[in-house]
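# Coordinate inspection notes
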Amino acid sequence: MSKIEILAPVGSEEMLRAAVFSGADAVYLGFSGFNARTGAGNFDADSLKEAVRFCHARGVAVHVALNTTVYGGELAGLADAVRAVAASGADAVICQDLAVAKLIGDIAPQLPRHGSTQMSVHTLQGALELKELGFARVVLARELSLPEVEHITRHCGIETECFVHGALCMCVSGQCYMSAFLGGRSGNRGSCAGPCRLPFEANALPEGKPGRLHHLSLKDNSVIDKLDKLQAIGVASAKIEGRLRTPEYVAAAVSACLAGREGRAYDRDLLKNAFSRFTSGYLDGKIDGTMFGVRSEADAELTRKTLPALRELYRRERSRVPVEMKIEIEEGGEKLTVTDGTNKAFAYGDAEPQPARTDPTESLSRSLSKTGGTPFSAEKIDVEMDGGPWFVPGSAINELRREALDALLKKRETLRPWPVNEVELPPLPLRTLPPHRTLRARFERWEQVPEQALSGVEYLILPIAQADRVPREWREKTLLELPRVMFGALEEDTARRIAATQDAGFAGYEVSNIAHLRLCRGLPMTGGFGLNVTNNLAAQYYADLGLRSVLILPEVKDSDISTIAPTRDGKPVPTGVITYGHMPLMVTRACPLQNIHDCAHCDKTGLLTDRKAKKFPVRCGLGVRTIYNPVPIYMGDKPGALTVDYGVAYFTLESREEAAAILDSIRQHAPFEGEFTRGLYFKGTN
């Protein structure tokens, strides 16, 4: 059984030293401009090389995060970033956007790719799809239970990586749009403002019942005591979250993980003092109100008091690289050879050996074994004396040891860049407004669909669970939407529904997760917003994988939308935007309403009220909760503002009558009655 890798976060040079000195097997860090923690101390081309030198000399792997969505104008910079990572010889790239994966495959095809947790992979089919796309590892969603992790790990054929300690996002990673829509700071772009950590009061509908605050704030994930179980089921890497935290936090987590990996006890109190409020609810499969919590000022003060003790965890370098030593002594001097099995280094002494009265082998070995404060550990020491025994002063032996180990360290610091290909990016397309634009109407349930819904509508879109309710004569204009999130048995259920409907006359399937590509292989597919398409390279990749149209992520600005123009077989692949709809800001496995009542006493609806008295509707279904923006996007009165082929009226909370009225307004390009937003189409995000 392979040892599970301890993977530590690095947000600064001091954190890098703390992670490595405390014993991490690998680190992950961000490349400036393209990683999901823009607030961390990220690395550029030069500092990345130095980080790789430092880590590789000590046998520590380096994973580089290029895990944001990318806009068209950034693709040239992204290509330069990929070249810089390849030049550094880093061990892998963590990516979310398929544009990043595509550029790595084109520029540095031997550089391993890891699918970020931002790709929302939480099922076996998703992991299998990543394997088919050439990924070496998948970072699984944090919401999975141990049996779910085991099922994916044992059958997916690539490495799996699981978060074992650190902050828990309320939303499934990659599917959160709350920070972007409430403040223009996109979590998918590394700029999340953390609005979920602010107070939210919960009320159950219809009558309402006030609850405590912070209903979107989960405690930190900590399953370090289950590392031996994760190792036993074959998980390759145990990931610590926290590039925005402190070196002391990293050292505490790494030290605990080293013990947890071996099934040993660790100082849980010290770990809690580094950052309190822990839960293991997801991995244990106990998803309830105990998972929620906030960090108090008393917690913060306790952390401050604990910092000096935590610094001791990384004050001295850990001796972890095994070496063999051989010292040869003869009348003219000394020669020390050290090797790590691959590299060799030598040191020569000019001390005049003196005849020894007793055998000096033991004292020589003892002096050579004193490698403390270096990355090296002497596993084997050979002593050879020609014409001896000889006495050599301890100071001379110590100097030989230092000189040889320094030379070996320098050899281990040599960078080994990945081969790169010369790749010229195609110019960005610049679309003009199509002469004819169509409208699609998406409904949450059949009861919402107006009698005249097909009038002027290219396609209806309905969840696949509603398929049986669609009249046969409507099916050729109906797309079946697959669930963005498929925890538990829902993926198998979805696969059965696809098999049952593929010959029933429907127009095709709306896919919103990488797993859907595999589930619908060979069937007509359109792309939903959950794919997070923000640039032409990703849109083209999806078109090449079979999508017949692509819905652009509503975070993308109008000027960037105009540069997305995929083709297939020489013909344009239609692109679209959400024209109307209460944007699903979060999809969660934990339930904020469980803080005020259990599932048996819930009608699967609720409200969350923020500190500005805005009320966010909550709906429960298919094992997840969806939290909607109180204010809908509306672009119906600006039909020519966005250069796309179709708009989607995305109905979720509306009644049948409301949906009919909104469709009429869109068809007539009429102003919206009531409060609405243009979303981010004219503002963009940070």
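First, a word on scope: everything that follows refers to the structure included in this document. (Residues numbered from 1 in each chain as written. Predicted model: local features only at pLDDT ≥ 70, side-chain atom pairs only at ≥ 80, totals over all residues. Heavy atoms only, no water.)

## Points about empty space enclosed by the protein
Across all of its chains, the model carries three cavities of 30 Å³ or more by this definition. There is about 170 Å³ of room inside the largest cavity. Residue lining of the largest cavity: 16 residues in total, with Gln-96, Met-119, Gly-530, Leu-531 and Tyr-542 positioned closest to the centre. Partitioned by chemical class, the residues of the lining of the largest cavity number six nonpolar, nine polar and one charged. Contributing to the lining of the second largest cavity are Ala-141, Arg-142, Leu-144, Val-149, Cys-162, Phe-163, Asn-221, Val-223, Tyr-282 and Leu-283. Listed by contribution, the elements that provide at least two residues to the lining of the second largest cavity are strand E7 (159-166) and helix H11 (281-284). Residues of the lining of the second largest cavity, tallied by class, amount to eight nonpolar, one polar and one charged. (1 Å grid on protein atoms, 1.4 Å probe; cavity = no way out; pocket = protein on both sides within 12 Å on 5 of 7 lines; lining within 4 Å. Points joined across faces, edges and corners; volume = space filled by probe spheres on them. Nonpolar A, V, L, I, M, F, W, Y, C, P; charged D, E, K, R; others polar. Helix = DSSP H or I, 4+ residues; strand = E, 2+ residues; numbered from the N terminus.)

## Structural notes on the pattern of salt bridges
Under the criterion given, the structure shown has 38 salt bridges. Residues Glu-148 and Arg-589 are paired through a salt bridge, measuring 2.9 Å at the closest nitrogen-oxygen approach. Here Arg-589 lies in the loop between strand E27 (584-588) and strand E28 (605-610) and Glu-148 lies in helix H6 (residues 146-155), a separation of 441 residues in the sequence. Residue Glu-148 is classed as buried on the basis of its relative accessible area of 17%. In this structure Arg-589 comes out as buried when scored by relative accessible area, which is 13%. Notably, a salt bridge pairs Arg-264 with Glu-262, separated by 2.8 Å at the nearest N-O pair. Because the salt bridges share partners, they merge into one network encompassing Glu-5, Arg-137, Glu-159, Glu-161 and Lys-239. (Salt bridge = Lys/Arg side-chain N within 4 Å of Asp/Glu carboxyl O. Buried < 20%, exposed > 50% of the residue type's maximum accessible area, 1.4 Å probe, protein only.)

## What to know about helix H5 (residues 124-132)
Within H5, seven of the nine residues are buried, which leaves the element mostly enclosed by the surrounding structure. For H5, the set of buried residues is Leu-124, Gln-125, Gly-126, Ala-127, Leu-128, Glu-129 and Leu-130. Structurally, H5 contributes buried residues whose contacts are with strand E5 (113-115), strand E6 (137-139), H6, helix H15 (490-501) and helix H16 (514-519). Of the residues flanking the end of H5, it is Gly-134, one or two places downstream, whose phi is positive at about 100 degrees. (Contact = heavy atoms within 4.5 Å.)

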